[in-house]
Amino acid sequence: MDSWLVYRQMLRSRLFEEAVAVLWEHGLISGEMHLGTGEEATVAGVVLQLKDGDAMALDHRGTAALLMRGVDPYLLLREFLGQPDGLCNGMGGHMHLFAPEYLAASSGIVGASGPAAAGFALASQYLRPGAVSVAFFGEGATNQGMLLESLNLAAVWQLPVLFVCKDNAWEITTQFSSVSHSGLAERAHGFGMTAVDVDGSNVEAVWEAARKAIQLARQGGGPTFLHASCVHLHGHFLGDQLLRLADDPFSEMKTSTLPMMKSFLRRRGAPFGVRVHGIRHAMTIISQAPARKAIHKKDPLLAARMKLESYPEQLLELETAIQLEIQQVTESALSSMLAQEGNLS
Amino acid sequence: MRNLTFANAIEDALAQAMSSDPRIIILGEDVRGLRANLLVRFGPERVRNTPISEAAFLGASVTAAMAGLRPVVEIMLVDFIAVAMDALLNHAAKIEALSGGRWKVPLVVRTAAGGGYGDGGQHEQCLWGWLAHIPGLAVVVPSNPADAGGLMLAALQQESPVVYLEHKLLAENWLNSLGSGGRKTVQYDVPQQGARGQVPGTWTPTPIGQAAIVREGSDMTLISLGVSVHRCLEAAKLLKEQGVSAGVIDLRTVCPLDVETICKEVGKTRRMLVVDEDYQGFGLSGELAAVVLEAGVSARYGRVCTQNTIPFARILEDQTLPSTNRILVASQQLLEHGG
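Anyway, here's the lowdown on the structure attached to this text. Predicted model only: the values in this text are computed from it and were never measured. (Residues numbered from 1 in each chain as written. Chains lettered and ligands numbered in written order. Predicted model: local features only at pLDDT ≥ 70, side-chain atom pairs only at ≥ 80, totals over all residues.)

**Looking at the overall build of chain A**
Point 1. Across its full length, chain A holds 14 helices and nine strands.
Point 2. The burial tally for chain A puts 51% of its 345 residues in the buried class.
Point 3. Considering only contacts within chain A whose residues lie at least 6 apart along the sequence, 74% involve residues at least 24 apart. (Helix = DSSP H or I, 4+ residues; strand = E, 2+ residues; numbered from the N terminus. Buried ≥ 20, exposed ≤ 12 C-beta atoms within 10 Å, placed from the backbone. Contact = placed C-beta atoms within 7 Å.)

Next comes the structure, spelled out in structure tokens:
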């Protein structure tokens, strides 16, 4: 693994997505925005080992993977801004990104990347022997029937798939462990494939696990399940209510906690003890808010950078160059938009 | 009377029903967060979080209903119902018929629908026509707080499955989490009459299968549901300025259709314009033409619907979904011909 190359790609992805967050905050991007900040080590450790002919099935959080695979950041940004010269002509937005030249397809439907990767792998068995496909999905998706079905399909057909589970332990406000039994690697193993747990914030660990899995798949050894623990630095999506609660407890309390207390005190309903039990469950959700802020300690980018800190000059040069690139991309994506608006008026 | 938001009206009616019927439970993804007010009043046994397993928990809700519970199962967005379609199509909708009427499925499927906030084509569909196509399912789509609560109560009292769709532009909690995300920098065209309004102190059911004439008119009849009702009302106001008297019917229920009201109104005006945010082909808008023809009412017909996959880009999205402007253009066409 080339630590410089890997850090470069991780940083590039981070700065790009941070720029996206600013544009979203300014209202230039509509709807939801799921960032992959915090997942960079997991994504980089896998995607940077892919070659021509390999495929990627992505979830609603696919920006980092596409960027690292080589998709032009300008095209991504223009897509997010809903412009006709975006990656998908402004039709898709960030949850529905498609890059046929990289055999990369996303889906906003949780779990859909499992069967999608299986299909890419099936085609490669016929048409591109030696090529592999990767499925990226969150741990929440592992309770989706279609994903579990695709694990079996990949195992029984020995499909060259790398199933990458990015496990941040949370499905929006639901803790994964509260709605799910058994370890995920154990589960995948039960389907008849190699399954490994890896620290998804440690890019070297991911790289090594992915290297073995990809090698196995290229040689016809079938699928591997990579269970990578990671964090979401921006929560489930931008404007995540739990993060908002942590940032501005007072105004969020006013809109959520006051109605809740009123409801708690309403006549008719469950006995007091049961209500208290309900409050306890609600508080479990709310009390996660500060924890969501604290995950910055597990930032994979900082860990990757630490390895290079003994070369401060090189590091500065690299970081300056990436900053400049992202700045230029952002400016040019915005300037053609402003120019267009000028033409209209 | 009280003044409530659309989302609070649904919750209020649900709470009223839950407090008198212990068989009602709520289950779905993240419902303990989404329905925290009900969680703290009725306890965690009646507000259950599920894993992201729509096929399993919707399928399980069908038999839970058959075995005596009254589940309100939430499919976050109706787009995701595709994942669990078998439970609805082959089971919830058919058990009563297949059992010779011996077994009923008193199930409410609650789900958010509709676009207008730039979330892309897998998150903004309506699909109510697609669901109503299946015999055995009732499908309701309220357009204002009073109907939202009343239809929820009616759905809970029904002995057979009801799909209850709430439009995201009306339900502030959905628009807040999926559209604005707390931002003040984005604006969406929210019809105020639909997002907040007068509701009764105690809920009574709004009968399923009964449309409402929300504006009388003698020259043409606009037939609509959900957010589009408000676009129709706006268009009707503008048409009035041009001397055209356009009436508006709010269907409220897709299935069963209130054929009587539709035919009566169209019979008077002889011009019908269907405004449906769902897909145009093979759906509700065509069905409305069919029932009018079947009844022997002759009328000029037009429709403003969603024809293609909903684009992410706001400008393209605006052109794709029904808008006041598109309604006005279609109305003119209808009036110009065969007057």
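**Things to note about the overall build of chain B**
Point 1. Of the regular secondary structure elements, chain B holds 15 helices and 14 strands.
Point 2. A globule of 339 residues ought to have a C-alpha radius of gyration of about 20 Å, and chain B, at 19 Å, matches this closely.
Point 3. Expressed along its principal axes, the backbone C-alpha trace of chain B runs to roughly 60 × 55 × 40 Å.
Point 4. Counting all 339 residues of chain B, 60% fall into the buried class.
Point 5. Put simply, 77% of the contacts in chain B that link residues at least 6 apart link residues at least 24 apart. (Rg over C-alpha atoms; globule rule 2.2 N^0.38 Å.)

**Here we look at helix 8 (residues 203-218) of chain A**
Given 3.6 residues per helical turn, the α-helix brings residues three or four places apart onto the same face.
All names here are of chain A.
Point 1. The end-to-end C-alpha distance of helix 8, which contains 16 residues, comes to 22 Å, matching closely the 22 Å that a straight helix rising 1.5 Å per residue would cover.
Point 2. Within the span of helix 8, buried status applies to V203, V206, W207, A209, A210, A213, I214 and A217.
Point 3. For helix 8, the elements touching its buried residues are helix 1 (3-25), helix 2 (40-47), strand 5 (161-167), strand 8 (194-199), strand 9 (224-229) and helix 13 (300-306).
Point 4. Of the residues trailing helix 8, G220 is marked for its positive phi of about 90 degrees. (Expected span 1.5 Å × (residues − 1).)

**What to know about unusual backbone geometry**
Point 1. C255(B) connects to P256(B) through a cis peptide bond whose omega is 0 degrees.
Point 2. Positionally, P256(B) belongs in the loop between strand 12 (253-255) and helix 12 (259-269).
Point 3. Within the chain, A169(A) stands out as a residue other than glycine whose phi angle is a positive 75 degrees.
Point 4. Among the structural elements, A169(A) can be located in the loop between strand 5 and strand 6 (170-171).

**Here's the deal with the interface of chain B and chain A**
Point 1. Taken together, the contacts link 42 residues of chain B with 49 residues of chain A.
Point 2. Among the secondary structure elements, those contributing two or more residues to the side of chain B that touches chain A are helix 2 (31-34), helix 3 (36-42), helix 4 (54-66), helix 9 (172-180) and helix 14 (314-320) of chain B.
Point 3. Counting residues per element, the side of chain B that touches chain A draws most heavily on helix 3 of chain B, at six residues.
Point 4. Of the residues in the side of chain B that touches chain A, the class split is 18 nonpolar, 17 polar and seven charged. (Nonpolar A, V, L, I, M, F, W, Y, C, P; charged D, E, K, R; others polar.)

**Quick notes on the sheet that holds strand 5 (residues 108-113) of chain B**
All names here are of chain B.
Point 1. Strand order in the open sheet formed by seven strands is 3-2-4-5-7-6-12, with mixed pairing between adjacent strands. Each edge of the open sheet is held by one strand with a lone partner, namely strand 3 (47-49) and strand 12. Taking the axes of each pair of neighbouring strands and ignoring which way they run, one obtains an average angle of 20 degrees across the sheet. (Pairing = 2+ DSSP bridges. Axes fitted to C-alpha atoms, helices over the stretch in contact; angles between N-to-C directions.)

**Topic: the environment of P145(B)**
Residues and elements named next belong to chain B.
Point 1. Position of P145 relative to the elements: it lies in helix 8 (residues 145-157).
Point 2. On the basis of neighbour counts, which here come to 27 C-beta atoms within 10 Å, the residue P145 falls in the buried class.
Point 3. Measuring from C-alpha to C-alpha, the distance between P145 and T221 comes to 23 Å, with 76 residues separating the pair along the chain.
Point 4. Contacts of P145, omitting those with residues within four sequence positions, involve L4, T5, F6, A9, R196, G197 and V199.

**Section: the packing of helix 11 (residues 227-241) of chain B against helix 15 (residues 324-336) of chain B**
Residue and element names in this part refer to chain B.
Point 1. Two numbers describe how helix 11 lies on helix 15: the axes approach to 9 Å, and their chain directions differ by 50 degrees. Here helix 15 runs oblique to helix 11, going by the angle between their axes. Seen along the crossing, helix 11 lies across helix 15 with a hand that is right-handed. Across the interface between the two elements, R231, C232, E234, A235, L238 and L239 from helix 11 touch T324, I327, L328 and S331 from helix 15.
Point 2. Among the residues making up the contact of helix 11 with helix 15, the classes are represented as six nonpolar, two polar and two charged. (Parallel < 35°, antiparallel > 145°, perpendicular 65-115°, else oblique. Left-handed = near helix turned anticlockwise from the far one by under 90°.)

**Some details on the sheet that holds strand 10 (residues 220-224) of chain B**
All names here are of chain B.
Point 1. Spatially, 9-11-10-13-14 is the arrangement adopted by the five strands of the open sheet, whose pairing is mixed. Only two strands of the sheet have a single neighbouring strand rather than two, namely strand 9 (212-215) and strand 14 (300-306). Put simply, the sheet's adjacent strands are angled 25 degrees from each other on average, direction ignored.

**Describing the nonpolar core**
Point 1. Residues L162(A), L226(A), W128(B) and L222(B) are the most contacted members of the largest nonpolar core, which totals 215 residues.
Point 2. Broken down by element, the residue count for this core peaks at nine residues, all from helix 1 (residues 6-20) of chain B.
Point 3. Beyond its immediate sequence surroundings of up to four residues, W128(B) is in contact with A113(B), V139(B), V141(B), L165(B), V254(B), D278(B) and L284(B). (Core = buried A, V, L, I, M, F, W, Y, C linked by C-beta atoms within 7 Å.)

**Side note on the pairing of strand 8 of chain A**
All names here are of chain A.
Point 1. Bridge count for strand 8 against strand 9 is six bridges, and the pairing is parallel. Opposite V196, over in strand 9, you have L226 as the bridge partner.
Point 2. In the classification by handedness, the crossover that spans strand 8, the intervening helix 8 and the parallel strand 9 is right-handed. (Right-handed = clockwise from strand over helix to strand, strands pointing away.)

**Quick look at the packing of helix 4 of chain B against helix 5 (residues 85-92) of chain B**
All names here are of chain B.
Point 1. The contact between helix 4 and helix 5 brings their axes to 8 Å, and the two run at 25 degrees. When the axis of helix 4 is compared with that of helix 5, the two are roughly parallel. You can see that helix 4 and helix 5 cross each other, and the crossing is right-handed. Every residue of helix 5 that contacts helix 4 at A55, L58, G59 and V62 is listed here: D86, A87, L88, H91 and A92.
Point 2. Looking at side-chain class alone, the contact of helix 4 with helix 5 contains six nonpolar, two polar and one charged residues.

**What to know about the environment of E40(A)**
Point 1. Within the secondary structure layout, E40(A) lies in helix 2.
Point 2. With 30 C-beta atoms counted inside 10 Å, the residue E40(A) sits in the buried group.

**As for helix 5 of chain B**
All names here are of chain B.
Point 1. Along helix 5, the residues classified as buried are A87, L88, H91 and A92. Along helix 5, the residues classed as buried sweep out an arc of 115 degrees about the axis, all on the same side.
Point 2. Tucked into the core, helix 5 has its buried residues touching helix 4 and helix 6 (95-98). (Arc of directions from axis to C-beta.)

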